[in-house]
Amino acid sequence: MRLSKDEIERLKESVNIADVARHLGMNPVMERVRCLFPERHSHGDRTPSMTLNTKNNTFKCWVCDDVFGDVISLVQMNKKCTFPEALEWLARFAGSKIKAPPKSYAQPLDPVEAPELGLGGNLKTQAAKPELNFNLRTQVLKVLIENSDDISGACSKYLGKRKIFKKTWDLMGLKQIGDYQKMSDLLKRRFTEQELQDSGLFNESGHLRFYRHLLLLPYYNSKGDPLYLQARAIEPEVQPKELSLKGRITIPYNSSALNQKPGVVYLCEGVIDTLTLIEKGFSAVGVPGAKNFKPEWAPGFKNKKVFLVFDSDEAGREGAIKTIQILKDAGIDADNLSLPEGMDINSWFGGS
Ligand SMILES: [Zn+2]
């Protein structure tokens, strides 16, 4: 196969090095893989020394000085083949990736990549049969978040008004879409239209749904993988204010606070309220909407004394009663904290 320099560059850009590594059987976890020469490492490089840089599509072993390169070198070193053979393999991979039906993502990619919800107990049984597009969703979300911008401008003003500041944005990995068109194009280069729709990020007409919802509120698990996301509009006239991903809500917001150690945790309605309490130094977890607490999340609250601080309106009160019942049924100590009528935790702390 003969490719021009430009065609080679385009081929390199059309793939993601983590996807390539996965296809080569290297099982990347958090952009780390075992070195291509494990025999040079103690314990066969059981603690992976090689990192994949998905921004530049390069890799590097932190121990071996001669193990680094671009995505073509990765194929060459892995398959011990020539440059033209690596190109041919990559072209086939890129081609099949473009045409692959979404069900190529249907199986968990490897045991480590199977859903890790950061919660205890009977979630394991759920993890055994993940939603069809579960891994896909995390992969798309990772690309979205890696290519998003840090909070600034109008988003920072919006959060500041709600008394949620930078240390919390950073701690909770909040991001914003800087350039809608660029983001949309980039996602379309990395994934098929079907994959983008299955992930819940794109609508049926093939558009990124967050056109005016640019503030990204990712739901990370304890390993830092994004499992779910809500996006918020910061212009007051936009309705609805928040967009959620379509499909199963797999974890509550800030589930890392559910560490199974004895202590108090505040359960909030919505991400903004949760961030408000985190800003103030409280241990807080959020449900996306008063009625959205899932019974399978209850075991995650083991050893916690849970205080519910849902909105003081009819939906909030109803949701709180239901949620407390679910928690109590699971043997979790849960109580309601009532705010004055019409208030939520953010306005209680002076947010506007
Ligand atoms: Zn090495």
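None of the values given here were measured: they were computed from a predicted structure.

Engineer: Even after reading the chapter, I still don't get the overall build of the protein chain, so can you show me in this structure?
Structural biologist: Within the protein chain, the secondary structure is distributed over 13 helices and 12 strands. Looking at the 352 residues of the protein chain, the share that counts as buried comes to 50%. Looking at the protein chain alone, contacts between residues at least 24 apart form 64% of all its contacts between residues at least 6 apart. About 17100 Å² of surface is accessible on the protein chain, with carbon and sulfur atoms providing 53% of the total.

Engineer: What should I look at first to understand unusual backbone geometry in this one?
Structural biologist: Leaving glycine aside, a negative phi is the common case for residues, and trans is the common case for peptide bonds. In this structure, the amide linkage connecting glutamine 239 to the following residue, proline 240, adopts the cis form with an omega of -10°. Along the chain, proline 240 falls in the loop between β7 (226-232) and β8 (242-244). A positive phi angle, close to 60°, is found at aspartate 45, a residue other than glycine. Residue placement: aspartate 45 occurs in the loop between β1 (32-33) and β2 (50-53).

Engineer: Looking at this model, I keep getting lost on the pattern of salt bridges. Mind explaining?
Structural biologist: Pairing is possible between side chains of opposite charge, provided their charged atoms come close. What the rule picks out here adds up to 14 salt bridges. Lysine 175 is paired through a salt bridge with aspartate 150; the nearest N and O atoms lie 2.7 Å apart. Here aspartate 150 lies in the loop between α6 (134-146) and α7 (153-161) and lysine 175 lies in strand β5 (residues 175-176), a separation of 25 residues in the sequence. Residue classification places aspartate 150 among the exposed positions, given a relative accessible area of 53%. For aspartate 333, the salt bridge goes to lysine 305, with nearest N and O atoms at 3.2 Å. Note that aspartate 333 is positioned in strand β12 (residues 333-336) and lysine 305 in strand β11 (residues 304-309), a separation of 28 residues in sequence. When its relative accessible area of 42% is taken as the criterion, aspartate 333 is described as partly exposed.

Engineer: What should I look at first to understand the coordination of the zinc ion in this one?
Structural biologist: Listed as protein donors to the zinc ion are Cys35 (SG), His41 (NE2), Cys61 (SG) and Cys64 (SG); their distances from the metal cover 2.1 to 2.4 Å. Metal-centred angles of 100 to 120° between the four donor atoms at the zinc ion mark the site as tetrahedral. Of note, the zinc ion draws all its donor residues from one chain, in the sequence arrangement C-x5-H-x19-C-x2-C. By the burial criterion, cysteine 61 is buried, and cysteine 64 matches it.

Engineer: Please clarify how the pairing of β7 should be interpreted in this entry.
Structural biologist: For a regular strand, side chains alternate in direction, first toward one face of the sheet and then toward the other. Among the seven residues in β7, seven count as buried, and that is most of the element. Pairing geometry for strand β6 (residues 215-220) and β7, over six bridges, is antiparallel. Bridge pairing in β7 places tyrosine 219 opposite tyrosine 228. The antiparallel pairing of β6 with β7 creates a hairpin that spans five residues between the two strands, and glycine 224 there sits at a positive phi of about 90°. Looking at chain direction, β7 and β8 are connected through three bridges and run antiparallel. Its bridge partner lying in β8, arginine 232 is registered against glutamate 242.

Conventions and cut-offs
Residues numbered from 1 in each chain as written. Predicted model: local features only at pLDDT ≥ 70, side-chain atom pairs only at ≥ 80, totals over all residues. Heavy atoms only, no water. Helix = DSSP H or I, 4+ residues; strand = E, 2+ residues; numbered from the N terminus. Buried < 20%, exposed > 50% of the residue type's maximum accessible area, 1.4 Å probe, protein only. Contact = heavy atoms within 4.5 Å. Areas by Shrake-Rupley, 256 points an atom, 1.4 Å probe, with all protein chains shown as cover. Salt bridge = Lys/Arg side-chain N within 4 Å of Asp/Glu carboxyl O. Donors = N, O, S within 2.8 Å, 3.2 Å for Na, K, Ca; no water. Tetrahedral: all angles 85-135°; square planar, octahedral: opposite > 155°, others 65-115°. Pairing = 2+ DSSP bridges.

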